[in-house]
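Structural overview for review
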Amino acid sequence: MTAVTQEAGAPLGAAPPPGDGSGESAIVTRGLTKRFRGGQVAVDALDLAVPRGSVFGFLGPNGSGKTTTIRMLLGLVAPTAGDYSVLGLPLAQALPRVGAVVEGPAFYPYLSGEANLRRFDAADPTARGATAGRRIAEALERVGLSAAAGKRYRNYSLGMRQRLAIAAALLGPRELLILDEPTNGLDPQGTREVRSLVKEIAADGTTVFVSSHLLAEVEQMCTHAAIMRTGRLVAQGTIASLRSGLVVRVRVETPDADDAARVLGALGLADVRRSGAEVTAELDGRAPEQINAALVGEGVAVRGLAVIRPSLEDVFVGLTGEGFDVDG
Amino acid sequence: MSTADATAGATAGTRARRTPGLVPVKETLRSAERRPRHPAERGTPAARSPWSFWRLLRSELGLTFRRPRNLLMLAALGVVPVVIGVALRVVAGEDGMGGIIEDVAGNSLMLTFVSFSFLVLLLMPVVVSVVAGDSIAGEAGAGTLRYLLAAPAGRTRLLAVKYLNAVVFAYAVTAVVALSALATGLALFPAGDVTLLSGTTISMGEGLLRIVIAVGYVGAGMAALAAVALALSTFTEVSIGAIAATIVLIIVCQVLRAIPELGEITPYLLPTRFTNFDAVLRDPVDTAALGEGLLAFGAYIVLFGSIAWARFSGKDITS
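Procedures and definitions
Residues numbered from 1 in each chain as written. Chains lettered and ligands numbered in written order. Predicted model: local features only at pLDDT ≥ 70, side-chain atom pairs only at ≥ 80, totals over all residues. Heavy atoms only, no water. Helix = DSSP H or I, 4+ residues; strand = E, 2+ residues; numbered from the N terminus. Buried < 20%, exposed > 50% of the residue type's maximum accessible area, 1.4 Å probe, protein only. Contact = heavy atoms within 4.5 Å. Areas by Shrake-Rupley, 256 points an atom, 1.4 Å probe, with all protein chains shown as cover. Salt bridge = Lys/Arg side-chain N within 4 Å of Asp/Glu carboxyl O. Core = buried A, V, L, I, M, F, W, Y, C linked by side-chain atoms within 4.5 Å. Pairing = 2+ DSSP bridges. Axes fitted to C-alpha atoms, helices over the stretch in contact; angles between N-to-C directions. Arc of directions from axis to C-beta. Parallel < 35°, antiparallel > 145°, perpendicular 65-115°, else oblique. Left-handed = near helix turned anticlockwise from the far one by under 90°. Nonpolar A, V, L, I, M, F, W, Y, C, P; charged D, E, K, R; others polar. Right-handed = clockwise from strand over helix to strand, strands pointing away.

What follows concerns the overall build of chain B. A count of helices and strands for chain B gives 14 helices and two strands. When burial is assessed residue by residue, chain B has 48% of its 319 residues classed as buried. The long-range fraction of contacts in chain B, counting pairs at least 24 apart against all pairs at least 6 apart in sequence, stands at 77%. Put simply, chain B shows about 14,500 Å² of open surface, and 68% of that area lies on carbon and sulfur atoms.

In structure tokens, the structure reads:
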């Protein structure tokens, strides 16, 4: 919105479209709830705020309500309660600016990759048939499928299918990309390619909302994250702010564990713990090289010294008291 | 988030923004800088392309008429009049022919009506049911429905396209039968004036016109059946279920029609009206029978179209 770039006063020129209160948010949900017939609550009072321009990781174990949330955002499933806004526009106007991969690829097996993209492009009322050929070729190029464009989808490998789904999400100029488990079924090379593609797309200013049950994946490519568990939002924020609740520790590997523990204690480090040839303590913002110097100065044989930053997995365990890989 | 909140937050500039949730979001400078700087482009809704509906319909027709299964069914239907024609030709060579065989053997155009009366009761409805019953359920089962709707195809728009596609296919089925029968008839039987069921004779040109009317009527009947199949298609993700349900309905109707005690309900059964096309073989054309039939078809289309729309527009797409 224009209000974002102006310091004060009413925006000049055209009035903002009604309901567009999202100069800063690509997705906002308030109390979003989905209860399926049979009483199962898939999503429970979800308050999500996805800032524009972010790469937003939507994390949670399988069955935690991620896909149902995405289906609601795309208008496929009607919420039982609550409301949401995508790009601050009515959904029918927002969706042409949203590219989506939902629950894996789904295409017509008897059509070629290119014909499949043409089919989905025809479904978008804002897409122009005249430019379809060029846009389809660009999308295929971007995911590295140009060579297989004429091949039937039936004969695509799982990795190619996943990439075709991403190509379908990139058929037009997008402001928001919603990717549901985009690296499912990809080999490590394919995973790396998707990751760099996401970074590239985000660098163009597109907001990327990516769901995953792989914490490490989200940590590597996202600026923000939200964590779901059994339909509820456990936490959300920048990756750094999510981690900030947990302490950074230093770990010393040494044969002189007793001496090392004493030195760390003398340095004033809190929560010194030792187990075997390993001593750990809270780092509390100190420079690790000073700790090393102090240890060596006291004659402790240091075999290894490492700073242990909490991972999102630790954040999740810290917030829920559970391991991540449990089915909700 | 309301407009007022957001505007206040934005004009305050550096004030820390809080978002719902357990952890406050401190937006990084990086993400703020990356915000796209095209406010005008972002504010205006993307224009609908004026031809987009027809583009989607063309895409749909392309899928239907390129799909091997559908072409095979059309080809099979096209063969039936040839078989009937050859069989009648063989029988006509023998003595003691009469009735229908005499009619056909006497004139090439009659084979079209004979073919319709054979096919309109089961085979044509089955073929139409396969395409119309598959239309929504097939996409749902394959998962392509979620991508079409996210595109966004629009539910009402997609349903309209699916139905129009089924109507075009219904007329294609009817036309294939008529053309195949006409060609076979002209090849095997003498061309010339046509003797009607009423006993009067009309010219061949007039006869062809009556075939066109019959095609229009039978096609409308198949279109009404397609509405039933489409409605059933919105209730399942298994297309064979919708197809089978439609075919079972047709067969049940035929059975009910055969029970004389149930004569009161037969006028309300859709297949009863399919055979009314023989009104074009009266002199003059029995427009009252055709009109009643078309009215019944219209009623079925409105009723089952509404059911399909009511179901599909509010359905959760979980496939």
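What follows concerns unusual backbone geometry. Residue Pro-152 of chain B follows Ala-151 of chain B across a cis peptide bond; omega there is 0 degrees. In this structure, Pro-152 of chain B sits in the loop between α9 (144-150) and α10 (155-188). The phi dihedral of Leu-87 of chain A falls on the positive side, at around 55 degrees, and the residue is not glycine. The residue Leu-87 of chain A is located in the loop between β4 (81-86) and α3 (91-94) in this model. For Leu-87 of chain A, a relative accessible area of 2% puts it in the buried group. Not every positive phi belongs to a glycine, and Glu-181 of chain A is a case in point at roughly 50 degrees. Tracing the sequence through the fold places Glu-181 of chain A in the loop between β6 (176-180) and α7 (188-203).

Applying the stated criterion to the full structure yields 28 salt bridges over all chains. In this structure, Glu-175 of chain A engages Arg-97 of chain A in a salt bridge whose closest nitrogen and oxygen atoms are separated by 2.8 Å. You can see Glu-175 of chain A sitting in the loop between α6 (158-169) and β6 and its partner Arg-97 of chain A sitting in the loop between α3 and β5 (98-101), a full 78 residues away along the chain. Overall, the relative accessible area of 13% leaves Glu-175 of chain A in the buried class. Across the pair Arg-55 of chain B and Asp-121 of chain A runs a salt bridge, and its minimum N-O distance is 2.7 Å.

Let us now look at the nonpolar core. Residues and elements named next belong to chain A. One finds Leu-74 and Phe-209 to be the most contacted residues of the largest nonpolar core, which totals 163 residues. Setting aside its immediate chain neighbours within four residues, Phe-209 contacts Ile-27, Leu-48, Val-50, Phe-56, Phe-58, Ile-70, Leu-73, Leu-176, Leu-177, Ile-178 and Leu-179. One finds Val-263, Leu-269, Val-279 and Ile-291 within the second-largest nonpolar core, a separate group that totals 14 residues.

Residues and elements named next belong to chain A. In space, the three strands of this open sheet follow the order β2-β1-β4, with antiparallel pairing throughout. If you trace the sheet from one side to the other, it starts and ends with β2 (41-51) and β4, each paired once. Geometrically, the sheet is characterised by an average inter-axis angle of 15 degrees between neighbouring strands, direction not taken into account. Helix α2 (residues 66-73) rests against β1 (25-35), β2 and β4 of the sheet, and its axis sits at about 115 degrees to β1.

Three or four residues apart is the spacing at which side chains of an α-helix point the same way, because the helix has 3.6 residues per turn. Burial in helix α5 (residues 132-142) of chain A covers these residues: Ala-132, Arg-135, Ile-136, Ala-139 and Leu-140 of chain A. What you see down the axis of α5 of chain A is that its buried residues fit within an arc of 130 degrees, all on one side. Buried positions along α5 of chain A lie against α4 (113-123) and α6 of chain A together with α4 (52-66) of chain B. In the segment just after α5 of chain A, Gly-144 of chain A is the residue with positive phi, at about 75 degrees.

On to the packing of helix α11 (residues 204-233) of chain B against helix α14 (residues 287-313) of chain B, then. Residue and element names in this part refer to chain B. Where α11 meets α14, the axes come as close as 8 Å, and the angle between the chain directions of the two elements is 25 degrees. The pairing of α11 with α14 is recorded here as roughly parallel in orientation. The element α11 and its partner α14 pack so that their crossing is left-handed. Of the residues in α14, those touching α11 at Ile-213, Tyr-217, Ala-220, Gly-221, Ala-223, Ala-224, Ala-227, Val-228, Leu-230 and Ala-231 are Ala-289, Leu-290, Gly-293, Leu-294, Phe-297, Tyr-300, Ile-301, Phe-304, Ile-307 and Ala-308. Broken down by class, the residue content of the contact of α11 with α14 amounts to 18 nonpolar, two polar and no charged.

With that out of the way, let us pick up the pairing of strand β7 (residues 207-212) of chain A. As a general feature of sheets, a regular strand has side chains that alternate between the two faces. All names here are of chain A. A large share of β7 lies buried, amounting to six of its six residues. Across the two faces of β7 the burial is the same, with Thr-207, Phe-209 and Ser-211 and Val-208, Val-210 and Ser-212 all buried. Of the strand pairs in this sheet, strand β3 (residues 55-59) and β7 are connected by five bridges, and their pairing is parallel. Of the residues in β7, the one forming a bridge with Phe-58 is Ser-211. Of the pairings in the sheet, the one linking β6 to β7 comprises five bridges and is parallel in character. Among the inter-strand pairings, Leu-176 is bridged to a residue of β7, identified as Thr-207. The β-α-β motif built from β6, the intervening α7 and the parallel element β7 has right-handed crossover chirality.

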